[in-house]
Each structure stands twice: as C-alpha cells, then as structure tokens.
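One-letter residues, chain by chain:
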Protein chains: 2
Amino acid sequence: MAGRRDRRGDRREEILLAALEVFAERGYTGASIASIAERVGLTQQGVLHYFPSKDRLLAEVLMLRDQRNLDVIMLPGNEGAVTLDTVAALVEYNAQRRGIVQSFTVLSAESVIEDHPAKDFFQERYGSARAWMAEVVRAEIGDELPGGVTPEQAAPLIFAVMDGLQLQWLLAPDEIDMPALFRAFVSLLKAGVAAS
Amino acid sequence: MAGRRDRRGDRREEILLAALEVFAERGYTGASIASIAERVGLTQQGVLHYFPSKDRLLAEVLMLRDQRNLDVIMLPGNEGAVTLDTVAALVEYNAQRRGIVQSFTVLSAESVIEDHPAKDFFQERYGSARAWMAEVVRAEIGDELPGGVTPEQAAPLIFAVMDGLQLQWLLAPDEIDMPALFRAFVSLLKAGVAAS
DNA sequence: GTCTATAAAAAGATAGAC
DNA sequence: GTCTATCTTTTTATAGAC
C-alpha cells in the first residue's frame, strides 16, 4: 500500500517533483509553467488542469518539501528524541541532495520580496522551527551555553548557519564541507559543557 | 569636490540606486528595466542608453553595493585593524538598511541558479571574503577556538550566520534582533579565550 | 540624452474541442 | 484528462527621430 496511489495522485506528484526541479533551477519568478509541463510530457494547460495557478503549484511544492525534511528528521528511530546530532544528520543528508537544497535556498530568499506567494509559508516555518529548536538545545545542553548564550538565541543561529552554509556550498561545493562545518558549529555550542 | 560629479555620472548613479531598490523588491528576474526607469523619470530606453543590457546594469549595481560595504568596514578609523567588533558594527549598520540587506539576500540566493549573471561575482566575493575573515579571526583569537574549531572553519561560519540571520530578520524583523544574535555568536567564538 | 515606434518572444490564464 | 486556439500583458532590445 505504501508508496502506491491511483493514477491521479501519481500524475500530481510527478508534476510537483518536476516543479521542484524547475524552481530550483530558475527560481519561482523565472520558472514557467510550460517548462515544468515539458518535463512530464504535458502542455502548459495540462499542468493547469491539476493546479489552477502557478501560486497554488508553488504552495503544494513547498508542503511536499517540508514533509520530506520531517521524514528525515524523524527517520532514524528518534521518536521524540531529536538531538543536535539528528540535525547534523539532516545536514549530511542535504549535502547529497543539491536540487532540494537549491530549491529551498532560492525560494526562501525570494520569499522576502513583497507579496511573494511563499512569504507566509516561510514566516510560519521559521517561527515554529525556532521554538522547537530552542527546546532541543535546552534539553541537550541546558539553559546556559558558552559565552552566556541562551537556547532562544542558539535556535535562530542554528538555522542561520544551516541556511548560510547552504548558500556558500551551492556557490563553491569543492571549498565548503557543509557537514563538517556544521559539526564545528555544534562543537562551539557544546564547548562549555565539557569544561564545566 | 567629494560627492560631486558631472551630470552624466549623477544620472548613472541615480539609475543604479533605483535598480538596487527594484532588485531588492522583486529580485533580478522579476525586475523590469521599465520599472527602474519609472523611478528616475525615464523610459526603458532612457535607461538602456546608460547601461547596454539588464545584465550589465546588475553587474554595476553589485559593484556599487560592495563598495558601500567596504566603506563601512573601513570607516571607523580601523585602518588595517579590522576586528570582530568591526564586523558586528557592520551588522548593526545593516539592521538599519533593510533595502540593502534585502537586495543582497535576494540576489545572492538567486545567483546560484544556472547561468545567472551574478554567479561569478558572488563566487569570487565569498572566496576572498572567507580568506580575509580567517585572518581576522586568527589575529584576534588565535589558531585555536573553542571546541577545536579553526579560523578557516570560523570564517565561513561567520558569513553563514550573517546571511542566515538576514533572511530570518527580513521575514520577521520584530522577532529577530540581528545585531544581538550576531554578538551572541561572536561570544561563542571567544568563549574559550576568557576561560583559558 | 531622451524620446517614439516597433519588433519578437514569452508569460499566465481562459474557453472549449475531443 | 489533455489538447488547440486564443487573449492579454509584459518582457528585452533595436532603429531611428529630435
């Protein structure tokens, strides 16, 4: 049963995957429905049969991508017990999925422009992700991090490092060892623990 | 003499500033030459008289913005003696220049797509910036940072934090205290220094 | 230096045939 | 479910008048 759907669902998912690719390659603004359609052997109107507008297509692509990430975070049997090692594992996974990373980097940055259809999505996503990450940090390291940093400060920093490293890695994959650099950052967060 | 140029130079700079605004608001792909022209009271063709193509216009905008940043870094009389406090001051400055930050965030992320006209610019910019920043860290903190982190690792992390915080700040200015969070990160880098 | 005119291409979306 | 046809707008860029 798992992974199997009726033809209608397959077609939709096929289009969503193609859209993710094209958005990654050209951004949302630069992507055309026709170019997405071409990848799945349809015309522009064929795609518009499944998704009424480009905006709606983007919305569903973002939900798909988010679900994938949650799958990875929860996959290693860490039911409810996410640690910074789990997050590091996600970074490691991302380093092997350039397309996914690129789509996220391009779309999230693009979303800051006025009236962008993905703005609400990313605002909510980062807001809840920070709250969640602060608790992960607190549970693992405690209320006091090196240099007087709090878990509430560490949370946005963790996502900043992830996003910022992704950008540099996309521009220079051979120079940037994304997983190693993220682990280096984690060791900064934990440096005081061993000493105290 | 300073700040004064002939009419031709003024016109060009006027266009460049308008272009920076529009690129920030819509990204490069989403910006039209006509919308830039409108802001300076010209037609599309009037702008194309000064810049032969949209690509060239972008190239000059990026150089302008980079120069501004260098001005700020060098401004406080720190001739040759840049420290992490100087970098923190730049972050503080950026927190009052939303348009500049937004243009940089949108354009740098957009530049990772294939054949983007700003790709070379950002590749070179990050490459040299990392090398420079590694020396700043080494001069200020030394070869060993907390958690066994090296200056060569700290450098990309510093830019990752700057860029990543900018994205979160653009999406939620009221939730993200960019300067405070950057200083928190700097205190992570320096945490081992005071203790040793 | 700035304009009008114009080309030539591509975009999102709708209507309707099959 | 997918197509052709079509509309309407917008895009970059060129040619040439003034």
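Residues numbered from 1 in each chain as written. Chains lettered and ligands numbered in written order. Predicted model: local features only at pLDDT ≥ 70, side-chain atom pairs only at ≥ 80, totals over all residues. Heavy atoms only, no water.

(A) Layout of the overall build of chain A. Summing up its helical and strand segments, chain A has 9 helices and 0 strands in all. For chain A, the N- to C-terminal ordering of α and β elements is α-α-α-α-α-α-α-α-α. Principal axes of the C-alpha set define a box for chain A whose edges measure 65 × 40 × 35 Å. Taken over 196 residues, chain A has a buried fraction of 51%. Across chain A, contacts joining residues at least 24 apart in sequence account for 63% of those joining residues at least 6 apart. As presented, chain A carries roughly 9400 Å² of accessible surface, and 50% of it is formed by carbon and sulfur atoms. (Helix = DSSP H or I, 4+ residues; strand = E, 2+ residues; numbered from the N terminus. Buried < 20%, exposed > 50% of the residue type's maximum accessible area, 1.4 Å probe, protein only. Contact = heavy atoms within 4.5 Å. Areas by Shrake-Rupley, 256 points an atom, 1.4 Å probe, with all protein chains shown as cover.)

(B) Spatial organisation of the interface of chain B and chain A. Residue-level contacts link 48 residues of chain B with 48 residues of chain A. Roughly 3800 Å² of surface becomes buried between chain B and chain A when both sides are summed, with 72% attributable to carbon and sulfur atoms. Inspection of the chain B/chain A interface yields 2 salt bridges. In this structure, the salt-bridge partner of Glu175(A) is Arg130(B), at a minimum N-O distance of 2.9 Å. Our count for the chain B to chain A interface comes out at 10 residue pairs in polar contact (both at pLDDT 80 or more). When residues of the side of chain B that touches chain A are traced back to their parent elements, those giving at least two are α1 (7-30), α6 (98-110), α7 (119-140), α8 (151-171) and α9 (178-195) of chain B. Broken down by element, the side of chain B that touches chain A gets its largest block of residues, 13 residues, from α8(B). (Buried area = accessible area lost by both parts, 1.4 Å probe. Salt bridge = Lys/Arg side-chain N within 4 Å of Asp/Glu carboxyl O. Polar contact = N/O pair within 3.5 Å; in protein donor to acceptor, adjacent residues only side chain to side chain.)

(C) Up close: the pattern of salt bridges. Residue and element names in this part refer to chain A. For the structure on display, the rule yields 24 salt bridges over all chains. Notably, a salt bridge pairs Arg 12 with Glu 60, separated by 2.6 Å at the nearest N-O pair. Remark: Glu 60 occurs in helix α4 (residues 54-74) and Arg 12 occurs in helix α1 (residues 7-30); sequence separation between them is 48 residues. Accessibility expressed as a relative area gives 18% for Glu 60, which makes it buried.

(D) Examining the relation of the copies chain B and chain A more closely. Mapping chain B onto chain A is achieved by rotating through 180° and translating by 0.0 Å along the same axis, at an RMSD of 0.0 Å. Overall, the copies show the geometry of a two-fold rotation axis. Here 100% of the contact residues of chain B are again contact residues in chain A; the copies associate through an equivalent surface. (Least-squares fit on C-alpha atoms with pLDDT ≥ 70 in both.)

(E) Representation of helix α7 (residues 119-140) of chain A in the model. The end-to-end C-alpha distance of α7(A), which contains 22 residues, comes to 31 Å, matching closely the 32 Å that a straight helix rising 1.5 Å per residue would cover. All of the buried residues along α7(A) are Lys119(A), Phe122(A), Arg125(A), Tyr126(A), Ala129(A), Arg130(A), Met133(A), Ala134(A), Val136(A) and Val137(A). Buried positions in α7(A), seen along its axis, are confined to an arc of 165° and lie on one side of it. Pointing more than 90 degrees away from the buried face of α7(A) are the exposed residues Asp120(A), Glu124(A) and Ala139(A). If you follow the buried residues of α7(A), they end up packed against α4, α5 (84-94), α6 (98-110) and α8 (151-171) of chain A together with α8 of chain B. Positioned one or two residues after α7(A), Gly142(A) has a phi angle of 115°, which is positive. (Expected span 1.5 Å × (residues − 1). Arc of directions from axis to C-beta.)

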